[in-house]
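Residue-level structure breakdown
Here is how the chains run, residue by residue.
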Amino acid sequence: CAPRCSATYECPAELAAVSAQPQCMLQNVDQAFYCGLLCQADAQCPSGASCRKVGTQAVGLCIHPLSFSDWARLSSRMKLSIGFPSTSGTAA
């Protein structure tokens, strides 16, 4: 459910409708980057989502609850991990 980051590592403007910060902060096994909502509290997340701390990171990510049976019914499944893109070496 995460939109892909743009070529300049920006996230779609419609994610800004909540107070959580849209960030290019997720990546898949192919090193493609996706947008997530960076948060510190549940109140910053969209309705029905909660702010969950991720591993040892000092950040949280807005996450919608999903049962295993709902997940299994999805036609597309992707495992994402926290991974901020490196912008070193890019033209300014």
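In this text, all values refer to a predicted model and were calculated from it rather than measured experimentally.

The next point concerns the overall build of the protein chain. Looking only at helices and strands, one finds one helix and five strands in the protein chain. Mapped in sequence order, the helices and strands of the protein chain form the string β-β-β-β-α-β. For the protein chain, the residues scored as buried account for 27% of the 92 residues in total. Of the contacts made within the protein chain by residues no fewer than 6 positions apart, 42% connect residues no fewer than 24 positions apart. Of the roughly 6,400 Å² of accessible surface on the protein chain, 54% is carried by carbon and sulfur atoms.

The subject of this paragraph is the sheet that holds strand E5 (residues 81–82). Taken in spatial order, the five strands of this open sheet run E3-E4-E2-E1-E5, and their pairing is antiparallel. Each of the sheet's edge strands pairs with one partner strand only, and the pair in question is strand E3 (50–53) and E5. The pairing of strand E1 (residues 21–27) with strand E2 (residues 33–39) spans six bridges and is antiparallel. Residue pairing in the sheet places Leu26 in a bridge with Tyr34 of E2.

To continue, consider the nonpolar core. Of all hydrophobic cores here, the largest spans seven residues; its members are Ala20, Leu37, Cys39, Cys45, Ala49, Cys51 and Cys62. Apart from the residues within four sequence positions on either side, Cys45 is in contact with Val18, Cys39, Ser50, Cys51 and Cys62. If you look at the next biggest cluster of nonpolar residues, it comprises six residues, including Leu26, Tyr34, Val59 and Leu61.

Here, the word disulfide means a covalent bond between the sulfur atoms of two cysteines. Scanning all chains against the criterion turns up four disulfides. The disulfide partner of Cys11 is Cys35, and the S-S distance across this bridge is 2.3 Å. What sets the handedness of the Cys11 and Cys35 disulfide is the S-S torsion sign, and at about -105 degrees it is left-handed. Taken together, the residues Cys11 in the segment before E1 and Cys35 in strand E2 connect sequence positions 24 residues apart. What makes Cys35 buried here is its relative accessible area of 3%. Cysteine pairing for the protein chain (bonded cysteines numbered in sequence order): 1-3, 2-4, 5-7, 6-8.

Parameters at a glance
Residues numbered from 1 in each chain as written. Predicted model: local features only at pLDDT ≥ 70, side-chain atom pairs only at ≥ 80, totals over all residues. Heavy atoms only, no water. Helix = DSSP H or I, 4+ residues; strand = E, 2+ residues; numbered from the N terminus. Buried < 20%, exposed > 50% of the residue type's maximum accessible area, 1.4 Å probe, protein only. Contact = heavy atoms within 4.5 Å. Areas by Shrake-Rupley, 256 points an atom, 1.4 Å probe, with all protein chains shown as cover. Pairing = 2+ DSSP bridges. Core = buried A, V, L, I, M, F, W, Y, C linked by side-chain atoms within 4.5 Å. Disulfide = S-S within 2.5 Å.

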